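Coordinate analysis (summary)
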Amino acid sequence: MTGLPRPQTEFQPSASDMEFMKFLTGIDDEELLKRHVNGIREEAYKIFPYPYISAFAFARRRIDGLPAYTKCLQLGRERKDAIFLDIGCGFGNDVRAIITDGYPIENVVASDLKHEFWDLGHKLFRSTAESLPVPFLEGDVFDPSFLSPSHPFYSPPDTPSPDLNSIMSLSPLLGHISVIHASLLFHLFDEEGQSKLARLLASLLSPRSGSLIFGSHTGRFEKGLNPTSWPGNVDSKFCHSPESWEALWDGCVFEKGTVKVEATLNALDADMERLGMTAEEGRMYRIAWSVTRV
C-alpha cells in the first residue's frame, strides 16, 4: 500500500444510476441532483465514513447486478407472502430498487444497526414513512434480544408468519423469510464473525425449496487476510474465496446437500477508482453469491 486512498469527491453516476436517482427523487436537473447527492453524502460521512459512502454506493442500484436477482423477483411474484429482508440496508437503495422492479412492498422489511442512514435515505430519495411504508428494524443481528440464536429450519416453523408492521425485532421472523439480501456486510467481520452471521441468517430462512440468501462482499482467490486501504483507515480484513464460501454454507451452516451455493469472484476496478485506490495499491475483488434451499 502507498498510503490512504483519495476518495471520489463528486457524484459521477452512470446513465442508469442517473435515471434511477431521477425517478426516485423527482429531480430532473442533473446538476441539481448531483448537488443533492453530494450534500447527503457529507451528512452521512459525519455519522461514519464507510467506504460505500465514499464511493457513493448508497446512490446506486447494486442488487439488480447480482446473478440471483431474477430468482429474487420471481419468488416475490410467485410465492404468496414471500418476505424479503434487506439486512444491513443502509440508505435503502436496494429496497427501493426491488420495489421499483415489482417486489410486493407489503412483503418487504429492512434492518440495520442504526436508523440514521435509513433516515438519510428518506432525505436522499425524498420519501417518507408514509410514501415508503417498509418496516425498519433497528438492532444488532448478533444481539440475542434482537435475533434469538436458532438452528436452520428443515420443516415449517410452529409459529405463524408475523405481521411485519407489528414486530420490533428479527426473532419473530425465524424460519419465515423467503429472500434475504446481504451485500457489503460479511466483510465487516473476521472469520469467526462471518461464520456466526451466516448461521444467524440461515435461521431466518424458510425451509421451502427455492428460498434464498444472496449478496456480495469483498473476497479473495484464496481465503485469508486481505490488506485494504480505506479513507481514514488501513487494516487487514478476512476474506473468503468462492470455494471456502461454498464450504461454509453447504456442510457447516446448513446440512450438506440441503442448499445449492453459487459464488463468483470479480475484480472491481471501477470501485477502486471511486475510492481513490490505484492499481499499485492492490486490486479489489468481490464475491457475488447465493445460497438456495433445494
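Figured I'd write up the structure that's included with this text. Because the structure is a prediction, the values reported are computed rather than measured.

**Some remarks on the pattern of salt bridges**
Charged atoms that come close allow side chains of opposite charge to pair. A full pass over the atoms with the stated rule returns 13 salt bridges. Between Glu191 and Lys223 there is a salt bridge whose closest N-O contact spans 3.0 Å. Of this pair, Glu191 sits in helix H7 (residues 191-204) while Lys223 sits in the loop between strand E5 (212-218) and strand E6 (224-230), placing them 32 residues apart in sequence. In this structure Glu191 comes out as partly exposed when scored by relative accessible area, which is 33%. Classification of Lys223 by relative accessible area gives partly exposed; the value is 44%.

**Here's the deal with the packing of aromatic side chains**
Between two aromatic rings, the relevant description is the distance of the centres plus the angle of the planes. Going through the model one piece at a time under the given rule, you end up with 21 aromatic pairs. Taking the centre distance of 5.5 Å and the plane angle of 55° together, the rings of Phe84 and Tyr103 count as tilted. Of this pair, Phe84 sits in strand E1 (residues 83-87) while Tyr103 sits in the loop between helix H5 (93-100) and strand E2 (108-112), placing them 19 residues apart in sequence. This pair shows no difference in class: Phe84 is buried, exactly as Tyr103 is. Note on Phe186 and Trp249: the rings are 6.2 Å apart at their centroids and 70° apart in plane angle, and the pair reads as edge-to-face. Separated by 63 residues along the polypeptide, Phe186 in the loop between strand E4 (177-181) and H7 and Trp249 in helix H8 (residues 242-249) bring together distant segments of the chain. You can call Phe186 buried: its relative accessible area is 0%. Of the residues examined, Trp249 reaches a relative accessible area of 0% and is grouped as buried. Above the plane of the ring of Tyr45 lies Arg41, whose end atom (NZ or CZ) is 5.3 Å from the centre.

The rules behind these values
- Residues numbered from 1 in each chain as written.
- Predicted model: local features only at pLDDT ≥ 70, side-chain atom pairs only at ≥ 80, totals over all residues.
- Heavy atoms only, no water.
- Salt bridge = Lys/Arg side-chain N within 4 Å of Asp/Glu carboxyl O.
- Helix = DSSP H or I, 4+ residues; strand = E, 2+ residues; numbered from the N terminus.
- Buried < 20%, exposed > 50% of the residue type's maximum accessible area, 1.4 Å probe, protein only.
- Phe/Tyr/Trp six-rings, centres within 6.5 Å; stacked < 30°, edge-to-face > 60°.
- Lys NZ or Arg CZ within 6 Å of the ring centre and 35° of its normal.

Limitation: the analysis is restricted to geometry and does not speak to function.
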